[in-house]
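Secondary and tertiary structure notes
Below are the chains, spelled out letter by letter.
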Amino acid sequence: MDSSLQVLFDQVVGRNPGEAEFHQAVAEVLESLGPVVTKHPEYTDAAVIQRLCEPERQIIFRVPWVDDRGDVQINRGFRVEFSSALGPYKGGLRFHPTVYLGIVKFLGFEQIFKNALTGLPIGGGKGGSDFDPKGRSDGEVMRFCQSFMTELYRHIGEYTDVPAGDIGVGGREIGYLFGQYKRITNRYESGMLTGKGLTWGGSQVRKEATGYGTVFFVEEMLKAAGESYDGKRVVVSGSGNVAIYAIEKITQLGGTVVAVSDSSGYVVEESGIDLATLKDVKEVERGRVGDYVARRPDARLGTSGSLWDVPTDIALPCATQNELDEAAAATLASNGCRIVAEGANMPTTSAAIRVLGDAGVLFAPGKAANAGGVATSALEMQQNASRDSWTFEHTERRLDEIMRGIHDRCLATADEYGLPGDYVAGANIAGFIHVADAMLALGLI
Ligand code: NDP
């Protein structure tokens, strides 16, 4: 890291103790910015980087609710509004027991650059709770969401801050959150939340967008290397929203997904994962990957090692942060993997990224590869603002164009800064410059 940026990074660590994931996300961006601060002293003069590392606003609140046994439960809610230089804060809500301020801040920080890369008018934010929806009844999830929104509603709105889903927050949770916002405010304000259902203000392709977008991004990486998905083996971690729709699009484009996972383990099916069965198990029954194996005679449950031991041409980590470590990266590379693209946010550790780079594996960071979700959320906001709804085909075409644009911007920026083929540097620098220029224009705020 450039020595002046190392000083800034040490200050960030000092000001935000105990937030390892936030430190990691900041380090990954600052490591790319050396050539930018050399070329553009105006960013240093205006303390743009220090300002970006300090959220504009952080909200932490109590979420009390009553479970099915009548017992009172208390969770903690978060919303970190990081940067509104480019538009209203935009970023998902995560409900998972591991959520704490450091996770929300790493996600919100990444979101600034990801949203900037889309070229759409959206700032960066993120939120969530340490509530675990797993094993909870629909009634419990509804009561939790209502209590969560009873505090959150005063901080958000279509011109202020527009949340969406993330881990543990899908269509069901978005529905309960939207319903409570509408009830409290007496406003049918469609543009205050994205990921809505199609009959109440949602957009076609939003559900599919992050997974599809990641696959479109990889398609561009393949094209740049003169290749396609045809005949390629792909391994996808997770089996939630991002993973399922990545699998759907890979299969449509001629690739074969041979392994998937969830937090209970992984499954291998050499002839290709059967998407209908996986959707039944994960989306309808909210079951485990073991339930998939029980229905598919040719599938086997991984009993040792990890998903990353399965030989593959392309790996898409689509589950959670730091799920692909140095050893996994080395195994992927030695088994002939050529591309790793992050469907999830920061699923690859910093050491693993270095191992992949040294082995010549092409690597696409999440802030570029998984930006299709938030981009389509911005398209949902556009449709809400004009009280319109577009067709699936039109919306998917827009998503594809946006992903191609991000891909090309990453490569062009990497070239411009003398780092050809470096998607990490390209994404960090292009995203940073876009938001930094807006910050200079808006003055010291
Ligand atoms: P979901 O909750 O739909 O799915 C998450 C999946 O990851 C589940 O299969 C879950 O398994 C698995 N998982 C979670 N934690 C772990 C763990 N510690 N080890 C192994 N598997 C785990 O979330 P999404 O698909 O929406 O999100 C996945 C990732 O993509 C996250 O990093 C998110 O931030 C990122 N992302 C999501 C976007 C979206 O539009 N939804 C947009 C951009 C990025 P289990 O069911 O067993 O918990």
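From a predicted model like this one, the values you see are computed outputs, not experimental measurements.

Side note on the environment of Asp415
For Asp415, the position within the fold is in helix 17 (residues 392-416). What makes Asp415 partly exposed here is its relative accessible area of 49%. Separated by 11 residues in the primary sequence, Asp415 and Gly426 have C-alpha atoms spaced 8.0 Å apart. Setting aside residues up to four positions removed in sequence, Asp415 forms contacts with Pro420 and Gly421.

Quick word on the site of the ligand
Lining the immediate surroundings of the ligand are 24 residues, of which Lys134, Asp166, Thr210, Ser263 and Arg288 lie closest. One nitrogen or oxygen atom from the main chain of Ser239 is found 2.9 Å from an oxygen atom belonging to the ligand. One of the backbone N or O atoms of Val242 is found 2.9 Å from an oxygen atom in the ligand. Its free accessible area being 880 Å², the ligand has 82% of it covered by the protein chains. At the level of elements, helix 9 (206-224) and helix 10 (241-252) are the ones that each hand at least two residues to the shell around the ligand. Residue composition of the shell around the ligand, by class: 5 nonpolar, 11 polar and 8 charged.

Thoughts on the sheet that holds strand 6 (residues 233-236)
Taken in spatial order, the 7 strands make up an open sheet running 9-8-7-6-10-11-12, and their pairing is mixed. The open sheet is flanked by strand 9 (300-301) and strand 12 (362-364), the only strands paired with a single partner. Where strand 8 (residues 265-268) lies against strand 9, 2 bridges are found, and the strand directions are antiparallel. Bridged to Val268 within strand 9 is Arg300.

Some points on helix 11 (residues 275-284)
Taken together, the buried positions of helix 11 are Leu275, Thr277, Leu278, Val281 and Lys282. Buried residues of helix 11 fall within an arc of 160° about the axis and therefore sit on the same side. The exposed residues of helix 11 that point more than 90 degrees off its buried face are Ala276 and Val284. Buried residues belonging to helix 11 abut helix 10, strand 7 (256-262) and helix 12 (289-295). Just beyond helix 11, the residue with positive phi is Arg286, at close to 50°.

A closer look at the pattern of salt bridges
As enumerated under the stated definition, the model contains 28 salt bridges in all. Lys223 is the partner of Glu220 in a salt bridge, and the nearest nitrogen-oxygen pair spans 3.1 Å. Note that Glu220 and Lys223 are positioned in helix 9 at a spacing of 3 residues, about one turn of the helix. On the basis of relative accessible area, Glu220 is assigned to the buried category, the value being 8%. We classify Lys223 as partly exposed; its relative accessible area is 48%. Among the charged side chains, a salt-bridge network with shared partners connects Arg94, Lys126 and Asp166.

So, the domain arrangement of the protein
Split into domains, the protein comes out as domain 1 (3-189) and domain 2 (209-369). Using only C-alpha atoms to locate each centre, domain 1 and domain 2 end up separated by 26 Å. Taken together, the 18 residues of domain 1 in the interface contact 16 residues of domain 2. Across the interface of domain 1 and domain 2, roughly 1300 Å² is buried in total on both sides, 46% from carbon and sulfur atoms. Sorting the residues of domain 1 by area buried against domain 2 places Gln24, Glu110 and Lys114 first, and these three jointly supply 33% of that buried surface. Along the contact surface separating domain 1 from domain 2 lie 1 salt bridge. Across the pair Glu110 and Lys367 runs a salt bridge, and its minimum N-O distance is 3.4 Å. For the pair domain 1 and domain 2, the number of links is 5 residue pairs in polar contact (both at pLDDT 80 or more). Residue assignment for the side of domain 1 that touches domain 2 shows that the elements contributing at least two residues are helix 2 (20-30) and helix 6 (101-118). Of the residues that constitute the side of domain 1 that touches domain 2, the class distribution is 8 nonpolar, 1 polar and 9 charged.

Looking at the nonpolar core
Ranked by internal contacts, the top residues of the largest apolar core, which has 56 residues, are Phe217, Val218, Val236, Leu316 and Ile406. Broken down by element, the residue count for this core peaks at 8 residues, all from helix 9. Summarising the domain contributions, this core has at least three residues from each of domain 1 (3-189) and domain 2 (209-369). Not counting chain neighbours up to four residues away, the residues in contact with Val236 comprise Ala243, Ile247, Ile250, Val257, Ala259, Val260, Ser261, Leu307, Leu316 and Cys318. In terms of nonpolar packing, the next biggest core, distinct from the first, is built from 43 residues, Ala27, Ile49, Leu101 and Phe106 among them.

So, unusual backbone geometry
Although it is not a glycine, Arg286 sits at a positive phi angle of roughly 50°. By secondary structure assignment, the location of Arg286 is in the loop between helix 11 and helix 12. Given a relative accessible area of 52%, Arg286 falls into the exposed group. Phi angles above zero are rare outside glycine, and Arg387 is one such case at about 50°. For Arg387, the position within the fold is in the loop between helix 16 (372-385) and helix 17. In this structure Arg387 comes out as exposed when scored by relative accessible area, which is 76%.

Notes on the pairing of strand 8
Of the strand pairs in this sheet, strand 7 and strand 8 are connected by 4 bridges, and their pairing is antiparallel. In the sheet register, Ser261 faces strand 8, and the bridge partner there is Tyr266. Taking the residues between adjacent antiparallel strands as the criterion, strand 7 and strand 8 are bridged by 2 residues.

Quick look at the pairing of strand 5 (residues 161-164)
Neither face of strand 5 is exposed, since Asp161 and Pro163 on one face and Val162 and Ala164 on the opposite face are all buried. Relative to strand 5, strand 3 (residues 89-95) runs parallel, the two being bridged by 4 bridges. Looking across to strand 5, one finds that Gly92 is bridged to Ala164.

Reading guide: rules and limits
Residues numbered from 1 in each chain as written. Predicted model: local features only at pLDDT ≥ 70, side-chain atom pairs only at ≥ 80, totals over all residues. Heavy atoms only, no water. Helix = DSSP H or I, 4+ residues; strand = E, 2+ residues; numbered from the N terminus. Buried < 20%, exposed > 50% of the residue type's maximum accessible area, 1.4 Å probe, protein only. Contact = heavy atoms within 4.5 Å. Near = heavy atom within 4 Å. Polar contact = N/O pair within 3.5 Å; in protein donor to acceptor, adjacent residues only side chain to side chain. Areas by Shrake-Rupley, 256 points an atom, 1.4 Å probe, with all protein chains shown as cover. Nonpolar A, V, L, I, M, F, W, Y, C, P; charged D, E, K, R; others polar. Pairing = 2+ DSSP bridges. Arc of directions from axis to C-beta. Salt bridge = Lys/Arg side-chain N within 4 Å of Asp/Glu carboxyl O. Domains from an automatic or database assignment. Buried area = accessible area lost by both parts, 1.4 Å probe. Core = buried A, V, L, I, M, F, W, Y, C linked by side-chain atoms within 4.5 Å.

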